[in-house]
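# Results of the structural survey
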Amino acid sequence: MELSESVTHKNGRLRKPVVSSSDMGERESKLEVECDEEALLPNSVRADGQVKACHGIKGELGNVALLLFLYVLQGIPLGLAGSIPLIMQSKNVSYKDQAYFSFVFWPFSLKLLWAPLVDSLYLRRFGRRKSWLVPTQYLLGLFMLYLSVTVDAMLQTDGQSGPDVITLTAVFFMLAFLAATQDIAVDGWALTMLSRENVGYASTCNSVGQTAGYFLGNVLFLALESADFCNKYLRFEPQERGIVTLSDFLYLWGIVFMVSTTLVAVLKKENNRHHHTKKKPKEETQSVMETYKLLVSIIKMPTVFTFCVLLLTAKIGFSAADAVTGLKLVEAGVPKEQLALLAVPMVPLQILLPLVISKYTAGPRPLDVFYKAFPFRLLIGLGYTLLVWWTPSVRQEEGFPVYYYAVVLLSYAVHQVALYSMYVACMAFHAKVSDPVIGGTYMTLLNTVTNLGGNWPSTLALWLVDPLTFKECQGAPGQTCGSVEEAGLCVREGGTCVTTLDGYYVESVVCVLIGLCWWMFFGKRMKRLQAESPSAWHCRVVK
C-alpha cells in the first residue's frame, strides 16, 4: 500500500491518494454512463409541466448542497475502511490478515457488475434513484450502529488470538459494497437533479464531497483517536485515550446516516422530467441483459482484449510499494495518525497535477506519458524500500525528528507526480478510443479493468509478505519461528523471534524486476495500440 493509499483510497492504509485516483476516474466515467436525455434538458420543469428557466447556479444551490452532502456521506465508510489496516497493524496482525482485509477495497472496482441493475430496477412512484439510495443509506447507518457496539471486541487482542479479521473484513466489505451502490445511485441522480447548464457541478460535488468524507473518516478520525496526538496538540492534561474512539465515531455517523436518509426520503422529490417530455430517456430503453451483452461484445474486440490484459498486469511492479510500505512504516513505529496527516499538504498537489499533466496527454499519443513515467515510478518504489530500511535507525525516544517527516513527505510528493502522470495518460487514452455511441459504458469498463489491475496485485503482495519472511529463535536452542505456534513456543522457552530476512524487501526487488520486464516487453506493445485505427476500437454490435 503506497503512502498515498495508506493516508487515505486504493485506492485505502496508505492505499489511495486522498481521493483514490483510480476510483476518481471510474466515478467520472460513471457520470457519463448514466447521462439521461432528461438530465440534459436546458431548463427545469415544474410539476405542472411548465418550463422554468434556470439562471446560473444560484437557483440550484440547494441541489448542489444535497449532492455534496451525499458524496460526503459516501466517503465516510471508505475513510473508516482505510483506517482499519493501520489500526490492525499497530496490534501486530499478520500480513496474511491484511491481505484478507484488502478485499474490502474491491467493491468500487467491481461495481460495473451490478450497476445495470441499479439503473434498470426501481419503483417508479418512489423515484428511480431514491429506490436504491434510501435503502442503501439506511443499511449503511444500521451497519455503523452495529459496528459501534461490536467493533471494539473485533479489534481486541486477547492472549494468543488477535483481532477478528474475518468478521471485520465481512462487515467492512458490506459497507464498501453499499457505498459503491450508493455511488451509482447518486451519480445518476446528479444528472437529473441539476439542469443542463449546471450539470458540470456534479463531478465537482463528487470529487470534493468524497475527498471531504474520506478525510473525515480517515485523517480526522485517526488524529482524534490517537491519545498522543490529542495530548500533544489538543489537551492541557494528558489522558490515556483520544478524544473519540472508533465506537463513538461509528455511532455518530450511524445516527447521521439514519436521520439524513429519512429527511431525503420524505422531503426531497426526484425530477421526473421525462414524464413531461414526449421522448423517453435513452437509458430506459436498454434492458439489463442488453447492457451485459454490450459489455461482453466490447471485451471480445481484439484491441480491447489486449489492452485489458495489459491494464490488468501493468501495476504488478508497483504492488509491494503501494500495498505494503505504509504498513511497514507503522510496524517500524511511525504513528499512524502522523502518516494520515501527510495527506493534508498533498491535496493542492493532487488538484494541480492533473491540470498540468493533461497538457501533455491531450495529443494523439497520451500513452507515451504513461510509458515514460513507468520506470520512474518503479525507482520510487525502490526509494520507498530504502525509506523503510532507514526508518528504525532514525527513531528517537521522543519519536521521529522533523527532517524524517520531511523526507517522507518529499517521497510521497514525487510518487504522486509519477502516479498521476500514468493515471491521467490512461484516462486520456480511454476517452480517445471509447466508441462515442456507447462512450459511458465503454469508459466505465476500461476504468473498472484499470482499478482491478491495481487491486489484485496489492492483495497478492500483502499475502506473500509472511511466506517470504524468515525468522529464527534466539535464546531458546532447538526452537524455530516458522509459524505462529512455533513463535509462541519460542517465547515460552525464553527465546525471541528475530527476523533474518524481511519478505517486504524480497517482494520489492522482485516486483521491480517484474515491472522492468513488463516495461521493456509489454510497454512498447501498449504504445503501439495508439497506432490502431479508430474502427479497431468501435463496437460493431447492433442493439
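Since the model is a prediction, treat every value here as computed from it, not as a measurement.

## Observations concerning the overall build of the protein chain
- Summing up its helical and strand segments, the protein chain has 22 helices and four strands in all.
- When the 543 residues of the protein chain are sorted by exposure, 55% land in the buried category.
- When the accessible surface of the protein chain is summed, it comes to about 23700 Å², and 65% of that surface belongs to carbon and sulfur atoms.

## Thoughts on the confidence of the model for the protein chain
- The pLDDT averaged across the protein chain works out to 83; a share of 84% of its residues lies at or above 70.
- The weakest mean pLDDT in the protein chain belongs to helix α1 (residues 3-7) at 39; the strongest belongs to helix α21 (residues 503-521) at 96.
- Per-residue pLDDT stays below 50 along residues 1-54; that stretch engages in 230 contacts with residues further than four places along the chain or on separate chains.

## Details of the packing of aromatic side chains
- Applying the stated criterion to the full structure yields 22 aromatic pairs.
- Judged by centre distance (6.4 Å) and plane angle (55 degrees), the rings of Phe 249 and Trp 253 are tilted. Here Phe 249 and its partner Trp 253 are both found in helix α11 (residues 246-267), four residues apart, which amounts to about one turn of the helix. Each of the two residues, Phe 249 as well as Trp 253, counts as buried.
- Summarising the aromatic geometry, the rings of Phe 429 and Trp 537 are spaced 5.5 Å apart at their centres and angled 85 degrees between planes, so their arrangement reads as edge-to-face. One end of the pair, Phe 429, is in helix α18 (residues 402-433); the other, Trp 537, is in the segment after α22 (523-528), with 108 residues separating them in the sequence. Across the pair, exposure class does not vary: Phe 429 and Trp 537 are buried alike.
- Here a set of aromatic residues connected by ring pairs shows up, and it is made of Trp 390, Phe 400, Tyr 403, Tyr 404 and Tyr 405.
- In this structure, Lys 130 packs its charged tip against the face of Phe 126, placed 4.9 Å from the ring centre.
- Over the face of the ring belonging to Tyr 371 we find Lys 527, whose NZ or CZ atom lies 4.5 Å from the ring centre.

## Observations regarding helix α8 (residues 165-193)
- In this model, α8 (29 residues) spans 40 Å end to end at C-alpha, consistent with the 42 Å of a helix rising 1.5 Å per residue.
- In terms of burial, α8 is largely enclosed, as 23 of its 29 residues are buried.

## Examining the environment of Arg 128
- Its location among the elements puts Arg 128 in the loop between α6 (115-120) and α7 (130-155).
- Note on Arg 128: relative accessible area 7%, which makes it buried.
- Sequence separation between Arg 128 and Gly 188 is 60 residues; the distance between their C-alpha atoms is 9.1 Å.
- A distance of 2.8 Å separates the side chain of Arg 128 from the backbone oxygen of Asp 119, its partner in a polar contact.

## Section: the packing of helix α3 (residues 61-89) against helix α9 (residues 201-225)
- Interhelical geometry of α3 versus α9 gives an angle of 35 degrees and a closest axis separation of 6 Å. In this structure, α3 meets α9 at a crossing whose hand is right-handed.
- When its residues are assigned to classes, the contact of α3 with α9 shows 18 nonpolar, eleven polar and no charged.

## Let's talk about the environment of Phe 143
- Looking at where Phe 143 falls in the secondary structure, it is placed in helix α7.
- In this structure Phe 143 comes out as partly exposed when scored by relative accessible area, which is 23%.
- Taking the C-alpha atoms as reference points, Phe 143 and Tyr 251, separated by 108 residues in sequence, lie 9.8 Å from one another.

## Re the state of the cysteines
- Tallying each qualifying case throughout the model produces two disulfides.
- Put simply, Cys 473 and Cys 490 are joined by a disulfide, and their sulfur atoms are 1.9 Å apart. Because the torsion about its S-S bond is 85 degrees, the bridge between Cys 473 and Cys 490 counts as right-handed. On the criterion of sequence distance, the pair formed by Cys 473 in strand β3 (residues 470-474) and Cys 490 in helix α20 (residues 484-492) is long-range, its members being 17 residues apart.
- Note on Cys 473: relative accessible area 13%, which makes it buried.
- For Cys 490, a relative accessible area of 0% corresponds to the buried category.
- Here Cys 481 engages in a disulfide with Cys 497; their sulfurs sit 2.0 Å apart. Across the disulfide from Cys 481 to Cys 497, rotation about the S-S bond amounts to roughly -90 degrees, and the bridge is consequently left-handed. You can see Cys 481 sitting in the loop between β3 and α20 and its partner Cys 497 sitting in strand β4 (residues 496-501), a full 16 residues away along the chain.
- Judged by its relative accessible area of 9%, Cys 481 is buried.
- With a relative accessible area of 25%, Cys 497 lands in the partly exposed category.

## Points about the nonpolar core
- Leu 80, Phe 172 and Tyr 404 are the most contacted members of the largest nonpolar core, which totals 65 residues.
- The element best represented in this core is α3, accounting for eight residues.
- With sequence-adjacent residues up to four places away left out, Phe 172 is seen in contact with Leu 80, Ala 81, Ile 84, Phe 101, Val 104 and Leu 147.
- Grouped together as the second largest cluster of nonpolar side chains are 40 residues, Ile 298, Ala 314, Leu 353 and Leu 529 included.

The rules behind each value
- Residues numbered from 1 in each chain as written.
- Predicted model: local features only at pLDDT ≥ 70, side-chain atom pairs only at ≥ 80, totals over all residues.
- Heavy atoms only, no water.
- Helix = DSSP H or I, 4+ residues; strand = E, 2+ residues; numbered from the N terminus.
- Buried < 20%, exposed > 50% of the residue type's maximum accessible area, 1.4 Å probe, protein only.
- Areas by Shrake-Rupley, 256 points an atom, 1.4 Å probe, with all protein chains shown as cover.
- pLDDT = per-residue confidence, 0-100.
- Contact = heavy atoms within 4.5 Å.
- Phe/Tyr/Trp six-rings, centres within 6.5 Å; stacked < 30°, edge-to-face > 60°.
- Lys NZ or Arg CZ within 6 Å of the ring centre and 35° of its normal.
- Expected span 1.5 Å × (residues − 1).
- Polar contact = N/O pair within 3.5 Å; in protein donor to acceptor, adjacent residues only side chain to side chain.
- Axes fitted to C-alpha atoms, helices over the stretch in contact; angles between N-to-C directions.
- Left-handed = near helix turned anticlockwise from the far one by under 90°.
- Nonpolar A, V, L, I, M, F, W, Y, C, P; charged D, E, K, R; others polar.
- Disulfide = S-S within 2.5 Å.
- Core = buried A, V, L, I, M, F, W, Y, C linked by side-chain atoms within 4.5 Å.

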